[in-house]
Amino acid sequence: MAELATIARPYAEAAFALAKQHGELAKWSEMLSLMVSVYDDPEFQSAIGAPSVTNDDVERLMLAICGERIDGNARNFIQLLVENGRLSVIGEVQRLYEQLKSEDEGVVDAHIASAYPLEDQQLEKIVALLAKRYDKKIDPTVDVDADLIGGIKVQVGDKVW
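Conventions and cut-offs
Residues numbered from 1 in each chain as written. Predicted model: local features only at pLDDT ≥ 70, side-chain atom pairs only at ≥ 80, totals over all residues. Heavy atoms only, no water. Axes fitted to C-alpha atoms, helices over the stretch in contact; angles between N-to-C directions. Helix = DSSP H or I, 4+ residues; strand = E, 2+ residues; numbered from the N terminus. Parallel < 35°, antiparallel > 145°, perpendicular 65-115°, else oblique. Left-handed = near helix turned anticlockwise from the far one by under 90°. Contact = heavy atoms within 4.5 Å. Expected span 1.5 Å × (residues − 1). Buried < 20%, exposed > 50% of the residue type's maximum accessible area, 1.4 Å probe, protein only. Pairing = 2+ DSSP bridges. Core = buried A, V, L, I, M, F, W, Y, C linked by side-chain atoms within 4.5 Å. Phe/Tyr/Trp six-rings, centres within 6.5 Å; stacked < 30°, edge-to-face > 60°. Arc of directions from axis to C-beta.

Student: Help me understand the packing of helix α2 (residues 25–40) against helix α6 (residues 90–104), please; the structure alone is not making it clear to me.
Tutor: Packed helices, taken two at a time, are described by the angle their axes make and the gap between the axes. Where α2 contacts α6, the axes come no closer than 9 Å and their chain directions differ by 160°. With respect to α6, the element α2 is oriented roughly antiparallel. As for how α2 packs across α6, the hand of that crossing is left-handed. Side by side, α2 and α6 meet where Leu25, Ala26, Trp28, Ser29, Leu32, Ser33, Met35, Val36 and Tyr39 of the first sit next to Ile90, Gly91, Val93, Gln94, Tyr97, Glu98, Lys101 and Asp104 of the second.

Shown next as structure tokens:
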């Protein structure tokens, strides 16, 4: 997993820098989402899985499917990924891009697991504490984890409480 993130990080950072420079953060979110959905499609995977398929074939197919829904910079991005044999990390690129975008917008994702369902008041208190600690807006995801005996487990980035 760490290796995948290590490979994808420079591409995510480049996409983010380009999107930020042109004021197109939301547009790039949509384009990356499209690229991931095309790449993850079973028919696409079947088509590119044949031994006779070249990188040029993969690139042409990906660009044809994405069509006009992506701009010239995104086309160049796909070409770069294919040329470097890194199209398979597009999902991780999208995840890291969204992380960078959230950080830039002052939003931090927090995953909160609880032994029992949290009441709204409890969740608000946890989010307020996290917002104060990180001095950012918190975007919480809450799950009930039956493996927990009691209490909560909070994960923000690579920190776990």
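Student: Looking at this structure, I do not really get α2. What am I missing?
Tutor: Because each turn of an α-helix spans 3.6 residues, side chains separated by three or four positions in sequence point in the same direction. The terminal C-alpha atoms of α2, which comprises 16 residues, lie 22 Å apart, in line with the 22 Å expected from a rise of 1.5 Å per residue. Within α2, the full set of buried residues consists of Leu25, Trp28, Ser29, Met31, Leu32, Leu34, Met35, Val36, Val38 and Tyr39.

Student: Looking at this structure, I do not really get the pairing of strand β3 (residues 152–156). What am I missing?
Tutor: Within a regular strand, the side chains alternate between the two sheet faces. Here 5 bridges tie strand β1 (residues 107–114) to β3, and the two strands are oriented antiparallel to one another. Paired with Ala110 across the two strands is Val156, which belongs to β3. By the bridge criterion, 2 bridges tie β3 to strand β4 (residues 159–160) in an arrangement that is antiparallel. Along β4, the bridge assignment pairs Gln155 with Val160.

Student: Help me understand unusual backbone geometry in this model?
Tutor: If a residue is not glycine, its phi is most likely negative; likewise, a peptide bond is most likely trans. One non-glycine residue, Asp135, lies in the positive phi region at around 55°. With relative accessibility at 70%, the residue Asp135 sits in the exposed group.

Student: How should the nonpolar core be read in this particular structure?
Tutor: Looking at soluble globular proteins, one finds that nonpolar side chains tend to be buried together. Formed by 33 residues in total, the largest nonpolar core has its most connected members in Trp28, Met35 and Phe77. Looking at which element gives the most residues to this core, the answer is α2, with 9 residues. Not counting residues within four places of it along the chain, the set of residues in contact with Trp28 comprises Ala15, Leu18, Ala19, Asn73, Ala74, Phe77 and Tyr97. Within the second largest apolar cluster, 9 residues are counted, among which are Val127, Leu130, Val154 and Val156.

Student: Teacher, can you tell me more about the packing of aromatic side chains here?
Tutor: Geometry of an aromatic ring pair is reported as the spacing of the ring centres plus the angle between the planes. Per the counting criterion, the structure on display carries 4 aromatic pairs. For the pair Phe16 and Tyr97, a centre-to-centre distance of 6.1 Å together with 65° between the ring planes defines the contact as edge-to-face. Placement of the pair is Phe16 in helix α1 (residues 2–21) and Tyr97 in helix α6, with a sequence separation of 81 residues. Neither residue differs from the other here; Phe16 and Tyr97 are each classed as buried.

Student: I would appreciate a short explanation of helix α4 (residues 55–66) in the present structure.
Tutor: For α4, with 12 residues, the first-to-last C-alpha span of 16 Å sits near the 16 Å given by 1.5 Å per residue. Every buried residue of α4 is listed here: Val58, Glu59, Met62, Leu63 and Cys66. Along the axis of α4, the buried residues cluster in a sector spanning 120°; they form a single face. Turned more than 90 degrees away from the buried face of α4 sit Arg60 and Ala64, all of them exposed. Residues of α4 that are buried make contact with α2, α3 (42–48) and α5 (72–83). Gly67, located one to two residues past α4, shows a positive phi value of around 55°.

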